[in-house]
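The lines below spell out each chain.
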Amino acid sequence: AFGLSNARHALGFDEDVKKSYRNRYSADQRSPAGIHFEDMVAKGFARRDYSDKDMTQYAMTFEGAIRALQPGEALCGEDFPR
């Protein structure tokens, strides 16, 4: 599973937001969200930015972020420069 809802949350998208405004998500690697992110890391759609014994901060890669977009949405140039 790609983990679309977790990816969209990491990017700051909701029903009213049409441009990403962040790129981070913190989760315990053993939690349901952490398991989705670990799967995305293995596939190259996310990366681990920081990890300690309890929490890991994840961020989407450009390829993962593009997969999370819906029609009419865009990625923040600050988080994903061209």
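Residues numbered from 1 in each chain as written. Predicted model: local features only at pLDDT ≥ 70, side-chain atom pairs only at ≥ 80, totals over all residues. Heavy atoms only, no water.

So what's going on with the overall build of the protein? Which residues, and what values?
When helices and strands are counted, the protein shows three helices and three strands. When the helices and strands of the protein are placed in sequence order, the string is α-β-α-β-β-α. The C-alpha radius of gyration computed for the protein amounts to 12 Å, which stays within 12% of the reference 12 Å derived for 82 residues, consistent with globular compactness. Each principal axis of the C-alpha atoms in the protein carries an extent, and together these give about 35 × 25 × 20 Å. For the protein, buried positions account for 43% of its 82 residues. For the protein, long-range pairs separated by at least 24 residues make up 51% of all intrachain contacts whose partners lie at least 6 apart in sequence. Total accessible area computed for the protein in this model is approximately 5000 Å², and 50% of it derives from carbon and sulfur atoms. Separation of charge centres in the protein, based on 12 positive and 13 negative side chains, amounts to 3 Å. (Helix = DSSP H or I, 4+ residues; strand = E, 2+ residues; numbered from the N terminus. Rg over C-alpha atoms; globule rule 2.2 N^0.38 Å. Buried < 20%, exposed > 50% of the residue type's maximum accessible area, 1.4 Å probe, protein only. Contact = heavy atoms within 4.5 Å. Areas by Shrake-Rupley, 256 points an atom, 1.4 Å probe, with all protein chains shown as cover. Lys, Arg positive; Asp, Glu negative; His and termini not counted. Charge placed at Lys NZ, Arg CZ, Asp CG, Glu CD.)

Account for the pattern of salt bridges, with residues named and values stated.
Within the structure shown, the criterion is met by five salt bridges. Here Arg30 and Asp28 are joined by a salt bridge, their closest N and O atoms 2.8 Å apart. Take Arg30: its relative accessible area is 63%, and that puts it in the exposed class. (Salt bridge = Lys/Arg side-chain N within 4 Å of Asp/Glu carboxyl O.)

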